[in-house]
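Architecture at a glance
Residue strings, one per chain:
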Amino acid sequence: MDGAGIEVRGLRKRYAGGPWVLDGIDLSVAPGTIQGFIGPNGAGKSTTVKILCGLIPDFEGEVRVAGCDPRVDPVEVKRHIGLVPENAALFDALTVAEFLLFVGRLKEVDDDVIRRRGQTFLEVFELADRLGARIGELSKGMRQKVLLTSALLHDPRILFLDEPLSGLDVNASILIKDLVRRLADEGRAVFYCSHVMDVVERVCDRIAIVDDGKVAAEGTFDEIQARRGGGSLERIFADLTSEGDVAPRVDRLIEALDS
Amino acid sequence: MLTLVGIGAALGALARSLESPFAWSSTALAAVALLALFVLLNEGAATLFDPTDAAVAAPLPVRPRTLFAARLLAVGAGLLLPVGLVALPAGVVAATAHGPVAGLLAFPILALGSCLGVLGGFATVYALVLRAAGPARAQRVVTAAQVFGGGAVYGGILFGLHGGASALAAAVDVRPELVVLLPPANLGAVYGALLGEEVRWLGLHAALAAALPVVAGGLALALVSREFGRALLGDATLPGVRGAGWPGGWRAWLGARVNSPGPGRAGFLLAAAMSRRDTAFVRAAYGTLVMQVVVAAAIVFGGRSGEISPRLGVAAMLYMVAAQLPWILQLAAHGPERDALLPLRSLDAAGLRRYQAGALRGLVLGTAAPFLLLAAVLMPALLGLETALDAVLAACIGLVMILVFARRMTFPALFTQGPMRRNATTQGLGQVWAFALGMAGGFLLHLPFFLHPLAPLVGIPVALLVAGRLVRSLDDVRLKRRGWAGAGL
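Residues numbered from 1 in each chain as written. Chains lettered and ligands numbered in written order. Predicted model: local features only at pLDDT ≥ 70, side-chain atom pairs only at ≥ 80, totals over all residues. Heavy atoms only, no water.

Side note on the interface of chain A and chain B
The condition is simple: Two residues form a contact once any of their heavy atoms are found within 4.5 Å. What counts as buried area is the accessible surface, traced by a 1.4 Å probe, that two parts surrender upon association, with contributions from both included. Salt-bridge detection follows one rule: a side-chain nitrogen of Lys or Arg within 4 Å of a carboxyl oxygen of Asp or Glu. Whenever a nitrogen or oxygen atom comes within 3.5 Å of another N or O atom, the pair is scored as a polar contact, on the condition that within protein one atom can donate a hydrogen and the other can accept it, and that pairs from neighbouring residues in sequence are kept only if both atoms are in side chains.
With 37 residues of chain A at the interface, the matching set in chain B holds 39 residues. Of the roughly 3,300 Å² buried between chain A and chain B, counting both surfaces, carbon and sulfur atoms make up 64%. Among the residues chain A hides against chain B, the three largest losses belong to Phe-91, Arg-105 and Leu-106 of chain A. Together they make up 20% of the total. Between Glu-98 of chain A and Arg-277 of chain B there is a salt bridge, and its shortest N-O distance comes to 2.7 Å. Counting every contact that joins chain A to chain B gives 8 residue pairs in polar contact (both at pLDDT 80 or more).

Description of the packing of helix α9 (residues 263-277) of chain B against helix α13 (residues 349-366) of chain B
All names here are of chain B. Formally: In this analysis, axes come from line fits to C-alpha atoms, helices being fitted only over the stretch in contact, and the angle between any two N-to-C directions falls in the range 0 to 180 degrees. A run of H or I in DSSP counts as a helix once it spans at least four residues, and a run of E counts as a strand once it spans at least two, with each numbered from the N terminus. Should the near helix be turned anticlockwise from the far one by less than a right angle, the crossing is left-handed, and should it be turned clockwise, the crossing is right-handed. Note that Gly is not counted as nonpolar here; it falls among the polar residues with everything else outside the nonpolar set of Ala, Val, Leu, Ile, Met, Phe, Trp, Tyr, Cys and Pro and the charged set of Asp, Glu, Lys and Arg.
At a minimum axis distance of 6 Å, the contact between α9 and α13 shows a crossing angle of 35°. Viewed along their axes, α9 and α13 form a crossing whose handedness is right-handed. On α13, the residues touching Pro-263, Gly-264, Gly-267, Phe-268, Leu-270, Ala-271 and Ser-275 of α9 are Gly-351, Arg-354, Tyr-355, Gly-358, Ala-359, Arg-361, Gly-362, Leu-363 and Leu-365. Its residues placed into classes, the contact of α9 with α13 shows 8 nonpolar, 6 polar and 2 charged.

Looking at the environment of Asp-162 of chain A
Residue and element names in this part refer to chain A. Our working definition: Remark: exposure states derive from per-residue accessible area (1.4 Å probe, protein chains only) relative to the maximum for the residue type, with buried under 20%, exposed over 50%, and partly exposed in between.
With respect to the secondary-structure elements, Asp-162 resides in strand β6 (residues 158-162). Relative accessible area serves as the criterion here: at 12%, Asp-162 is assigned to the buried category. Through-space distance from the C-alpha of Asp-162 to that of Val-29 is 16 Å; in sequence the pair is 133 residues apart. Leave out the neighbours within four places in its chain, and Asp-162 touches Ser-46, Val-84, Pro-85, Glu-86 and Cys-193.

Some remarks on the packing of aromatic side chains
Residues and elements named next belong to chain A. Rules: Between the rings of Phe, Tyr and Trp (Trp by its six-membered ring), a pair exists once the centres lie within 6.5 Å; its type follows the angle of the planes, with under 30 degrees stacked, over 60 edge-to-face, and the other angles tilted.
One pass over the structure, following the stated rule, counts 10 aromatic pairs over all chains. Between Phe-37 and Phe-191, the ring centres sit 4.9 Å apart and the planes meet at 40°, which makes this aromatic pair tilted. Of the two residues, Phe-37 is situated in strand β3 (residues 34-38) and Phe-191 in strand β7 (residues 189-193); the sequence distance between them amounts to 154 residues. Note on accessibility: Phe-37 and Phe-191 belong to one class, buried.

Overview of the sheet that holds strand β1 (residues 6-14) of chain A
Residue and element names in this part refer to chain A. The condition is simple: Here, a strand pair is defined by DSSP locating no fewer than two bridges between the strands.
Taken together, the 3 strands give an open sheet; going across it, the order is β2-β1-β4, and neighbouring strands pair in antiparallel fashion. On the outer flanks of this sheet lie β2 (20-29) and β4 (60-65), each paired with one strand and no other. Taken pair by pair, the neighbouring strands of this sheet meet at an average axis angle of 20°, ignoring direction. As paired elements, β1 and β2 share 7 bridges and run antiparallel to each other. Its bridge partner being in β2, Arg-12 is matched across the sheet by Asp-23.

With respect to helix α1 (residues 45-52) of chain A
Residues and elements named next belong to chain A. Burial analysis of α1 places 6 of its 8 residues in the buried class, the great majority of the element. Residues of α1 that are buried include every one of Lys-45, Thr-47, Thr-48, Val-49, Ile-51 and Leu-52, and no others. Looking one or two residues beyond α1, the residue adopting positive phi is Gly-54, at roughly 80°.

Focus: the sheet that holds strand β8 (residues 206-211) of chain A
All names here are of chain A. The strand order across the open sheet formed by 6 strands is β5-β6-β7-β3-β8-β9, and the pairing between neighbours is mixed. Looking along the sheet, the strands with just one partner apiece sit at the ends: β5 (81-84) and β9 (214-219). In this sheet, neighbouring strand axes are inclined to one another by 15° on average, regardless of whether the strands run parallel or antiparallel. In this structure, β5 lies alongside β6, joined through 4 bridges in parallel fashion. The partner of Val-84 across the bridge, within β6, is Leu-161. Seen against the sheet, α1 touches β3, β5, β6, β7 and β8 and runs at an angle of roughly 155° to β7.

Notes on the packing of helix α11 (residues 310-322) of chain B against helix α14 (residues 368-383) of chain B
A pair of packed helices can be characterised by two numbers: the angle between their axes and the separation between those axes. Residue and element names in this part refer to chain B. The line we're drawing: If an angle is under 35 degrees, it is roughly parallel; if it is over 145, roughly antiparallel; if it lies from 65 to 115, roughly perpendicular; otherwise it is oblique.
At a minimum axis separation of 9 Å, α11 and α14 run at an interaxial angle of 165°. When the axes of α11 and α14 are compared, the pair comes out roughly antiparallel. Of the two elements, α11 crosses α14, and the hand of that crossing is right-handed. Two secondary-structure elements touch here, α11 through Pro-310, Val-314, Met-317, Leu-318, Val-321 and Ala-322 and α14 through Ala-368, Phe-371, Leu-372, Ala-375, Ala-376, Met-379 and Leu-383.

Considering the pattern of salt bridges
Residues and elements named next belong to chain A. Under the definition given, this model contains 19 salt bridges over all chains. Of the charged contacts, one joins Arg-79 and Glu-76 as a salt bridge, the two residues approaching to 3.0 Å between their closest N and O atoms. Here the residue Arg-79 and the residue Glu-76 both occupy positions in helix α2 (residues 74-80), the gap between them amounting to 3 residues, near one helical turn. Overall, the relative accessible area of 42% leaves Arg-79 in the partly exposed class. Across the pair Arg-181 and Asp-185 runs a salt bridge whose closest N-O atoms are separated by 3.2 Å. With Arg-181 and Asp-185 both in helix α6 (residues 170-185) and 4 residues apart, this pair spans about one turn of that helix. What makes Arg-181 partly exposed here is its relative accessible area of 26%.

A word on the nonpolar core
Going by this rule: For this analysis, a nonpolar core means a set of buried residues of the types Ala, Val, Leu, Ile, Met, Phe, Trp, Tyr and Cys, connected via side-chain atoms within 4.5 Å.
The biggest cluster of nonpolar side chains holds 131 residues, and the ones touching the most others in it are Phe-102 of chain A together with Tyr-355 of chain B. With 13 residues, the top contributor of residues to this core is helix α10 (residues 279-302) of chain B. Each residue touching Phe-102 of chain A, except ones within four places of it in the same chain, is listed here: Phe-91 and Leu-94 of chain A together with Ala-266, Leu-269, Leu-270, Leu-344 and Tyr-355 of chain B. The next biggest cluster of nonpolar side chains, apart from the first, holds 49 residues, and it includes Leu-48, Ala-94, Cys-115 and Ala-209 of chain B.

Here's what the structure looks like:
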């Protein structure tokens, strides 16, 4: 297995004797690649990310992240990754500057480096004047920018981004998409989860569609499109994962409101 | 709970020694009111307005006044348990003197009335603060009231015992009509009349007893609507501080001096920030420390001249403060929502130890140490320079005790246990024991130095040396490591 990216073979996971949440996931993310990871609610995306990030230790199958087994050495995995989780809670009592110092110090980054990188990121994100503001006072988009900054402070080799554009305005979204592209071009592996299909279609080099704990389709967008006979990613996604036509279900909802 | 039942039973026993049912019930109902006020200060204010659920409540098509009334009811329901635990035993014991109807029926009902009056008054004051200070500053005023309110109530009782109560009694003797202005006496008059006691101005008493909760509650609701609505709409946050903002000042300087780079400094930074800004921590920890200072001051200053040696008083005060550390550590186990702890999960066991040691240093230097220092400076200024050496020695020994506690106690990694929902959850017999042992240990260590006024000169450098050694060895502090490496947080 490659030591720099992500390798997953036969990944299976279930909680407390329940059904298999993940049922044989195979995936390979090489350095320099943005891997899109999409699926309907409850398909197993978050569980996969948690396993890859060393947050869930009990699973079946073989997993390597930056050459490390997250089951055996989760701390070493966490040293090499940057994680931007969806709905992340932050330390609301800390100021932005304190939060960046806190996270950076936990990752053994030198204070001067934290200040330099943090200042630059926040200036580019137009947040430099918020360094002294409490995180609890920030808007959702501002918090997301702080989270992205903290995830990149230690210059990780692998990035896990779960809805990284959530709450961001259009300009910031464009900035982050370009940043992610450049980070990958410089050799980092990026694992990108999102429900925004057109972003995934345009940003990601390869896309994996998961449904019911299995990979339903995997490849570049062109490869998937060719196999499915054309159409947008949204259409292909719906064909693979939806429970039939949408229209009758919308009819039911409207009828419920009318009754 | 047992303490409250015991207090209730003791109050009830007073009924046999006080001839007048009016006097007894007024005293007992004043105690119930004080308890209710204490509970409201500590826990009720946080329930009255909780910014975290403003996002849920604000979009609902319900008037702010209705929401406030609902919260008031919830707070009132929360008072029933502590007040009942005092009032019911008091009534049961009093029934042996005043009969079952008075003790088991009338007294609990009047205790409820007393409780409602306090709740109404508290809500009115809260509404006035909201209106005067605005939603954001009101939260700070409430937190300050919680920190200093407990101490003020205790101080009022303790210092009042030495003069205030007798002054009030004298004033009522001179102008008996003043008694109608005392709410517990209004209810007490009703109780006395029920038992056939002749009570002056009974009608006025009864009218005031019935009117107070209604008027106070109504006034609170009338005052609160607009401001509470603003608060619900998210106006409860003070404007952010803008500018460079990278941490500086003496805390950052100290954090860099006493910790190596990395997780230790991260822990120090977090502890220094949380111990100043986390409202639940601030009101519980500093409230307790303030109360200890007030109690100790009452012991030292409230006693008759010559009753307590000033040197002994200084030592007592400082050891009472120092012995609070186990309680503060328990409080500091609580932190933000668990999801926020994600960065901490990248630490291995060695990194965690460094984080913990840094957080401990930040906590000690940010909480107990300033109180020790302040007391060590203030007490000689108030009690005479002859206590100065004892004050410094007691501060040093107090610091040693704190560090010994920190090394010997097994406690979870600081600020990792999720938010503290209620103050009372961290109280327990362990705290009482730790406090008693801390006091006893401090006095035992200090005892030899009472032999000669200059003897503390020997103890101070010894204590400082030991403290230095303990600070350096904090990196080895024992932790609960079970489940840390994986999903332990």
